[in-house]
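Survey of secondary and tertiary structure
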Amino acid sequence: MKPDWKSKEGVAAGRGATVQEFFANIGEDKFEIDVAPWGEGHLKVNGRQVAHINDAKDRRGAFRELKKIADRFLDQEAPRDDSKASLGIIPTVKAKLLEGKKGLIVGIANENSIAWGCAKAFRAFGAELAVTYLNDKAKKYVEPLARALEAPIVMPLDVNASGQMEAVFDRIAKQWGKLDFALHSIAFSPKDALQGRVVDVSREGFLTTMDVSCWTFIRMAHLAEPLMRKGGTLFTMTYYGSQMVVKNYNIMGVAKAALESAVRYMAAELGPKGIRVHAISPGPLATRAASGIPEFDALLDKAKAKAPTRSLVSIDDVGVATAFLAHDAARLITGETLYIDGGYHIID
Ligand SMILES: NC(=O)c1ccc[n+]([C@@H]2O[C@H](COP(=O)([O-])OP(=O)(O)OC[C@H]3O[C@@H](n4cnc5c(N)ncnc54)[C@H](O)[C@@H]3O)[C@@H](O)[C@H]2O)c1
């Protein structure tokens, strides 16, 4: 369904008067776009910002781009029933290939998160999941999804809050006594650091980016190791901008390169214990994290045009491929950076 955009009356005076606002209702969801003459604009869904652009030519260009993002957002939404997030949106899979396995999912922000696509697949294959949410603000979006997953453990985890990650692993140790897999699907870079040149990045911006986007995976592996006495699988999310210079990916590309390297070292160190470590490298997906990257729409268009499959990936594509690697059948695959990008990375 395509939104029927209407313009909003009564916009505030002053600088705000130059900003135009539009809205559309799709079912129970409220979509809002605001656009400024200098080419900046925002897309909000139910009051939550899902996209921000600041590089369109003008107001009209910004509106056009944000409309496209809204269409894509709607296309990506899983079919939902009235309760918004119920088991109905978790695919029914007869082969419970991960039955008996217990996994930790870090990085669900909302229904568009890559971590949610992975969690749905893990659950569909029968795994039991522990789910974390960033903070109280995020809780209301994550909780219904955790309920749909029937997650017995749902806990806050802000990796900047000392002791929270340890608390999650303590609870898993007490309740499950083991862990079979863990998914790290988080990244963060302050706006100045992310949107500036690598050559200009401040020490603080660099350290924050590396800390949240790379070191926290190393720490997760450290805490997971004692719980993976019979082996296990650790996953993190990376992106092609680690290997090639991708416009606007900047310092995050540096962090992802370090992350992929950490995956290889940890795979070598933990391999003798039967613990496998993988980086998953999806093609671009319109998530909240992606909305911090300028001209993201152009990245999506390029991905679609260049990938051998001529299609964009979905969070469900990423989920099933990741779930496969958690299965014992994949026990001799480790240290991999697995591209789920329609083959984009093989094309010059
Ligand atoms: N969207 C893409 O195009 C794309 C492509 C390749 C890789 N990735 C990677 O996938 C991962 C997930 O991102 P996404 O695209 O699903 O976006 P998302 O916004 O849905 O997920 C990002 C997650 O990071 C979490 N996070 C940020 N700071 C945190 C902190 N201090 N403590 C705990 N959690 C924190 C957020 O709460 C959120 O759940 C990231 O590592 C991202 O770099 C994304």
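Please refer to the structure placed before this passage.
Residues numbered from 1 in each chain as written. Predicted model: local features only at pLDDT ≥ 70, side-chain atom pairs only at ≥ 80, totals over all residues. Heavy atoms only, no water.

**Quick notes on empty space enclosed by the protein**
In this approach, a probe sized like a water molecule rolls over the atoms, and the result shows the empty space that is left. Taken as a whole and assessed by the stated rule, the structure comprises four cavities of 30 Å³ or more. Computed from the structure, the largest cavity encloses a volume of approximately 120 Å³. As for the largest cavity, its lining consists of 17 residues, of which Val-50, Ala-51, Ile-69, Ser-291 and Phe-296 are closest to the centre. Breaking the lining of the largest cavity down by element, the ones donating at least two residues are strand E5 (48–53), helix H1 (59–76) and helix H8 (296–306). Per-element accounting of the lining of the largest cavity gives the leading share, four residues, to E5. The class makeup of the residues in the lining of the largest cavity is 11 nonpolar, three polar and three charged. (1 Å grid on protein atoms, 1.4 Å probe; cavity = no way out; pocket = protein on both sides within 12 Å on 5 of 7 lines; lining within 4 Å. Points joined across faces, edges and corners; volume = space filled by probe spheres on them. Helix = DSSP H or I, 4+ residues; strand = E, 2+ residues; numbered from the N terminus. Nonpolar A, V, L, I, M, F, W, Y, C, P; charged D, E, K, R; others polar.)

**Looking at the side chain of Asn-110**
The topology assignment puts Asn-110 in the loop between strand E6 (102–106) and helix H2 (114–124). Among the polar contacts made by the side chain of Asn-110, one reaches the main-chain amide nitrogen of Asn-112 at a distance of 2.8 Å. (Polar contact = N/O pair within 3.5 Å; in protein donor to acceptor, adjacent residues only side chain to side chain.)

**Section: the packing of aromatic side chains**
Two numbers describe a pair of aromatic rings. These are the distance of the centres and the angle of the planes. By the definition in use, this model includes seven aromatic pairs. Geometrically, the ring pair formed by Phe-22 and Phe-63 is stacked, given 4.2 Å between the ring centres and 25° between the ring planes. With Phe-22 in strand E2 (residues 20–26) and Phe-63 in helix H1, the pair connects residues that are 41 residues apart, well separated along the chain. Note on Phe-63: relative accessible area 16%, which makes it buried. (Phe/Tyr/Trp six-rings, centres within 6.5 Å; stacked < 30°, edge-to-face > 60°. Buried < 20%, exposed > 50% of the residue type's maximum accessible area, 1.4 Å probe, protein only.)

**Notes on the state of the cysteines**
Evaluated as defined, the whole model comprises zero disulfides. With no disulfide of its own, Cys-118 lies closest to Cys-214 among cysteine sulfurs, the gap being 19 Å. Judged by relative accessible area, Cys-118 falls into the buried class, the value being 0%. For Cys-214, a relative accessible area of 6% corresponds to the buried category. (Disulfide = S-S within 2.5 Å.)

Treat this as a map of the structure, not an account of what it does.
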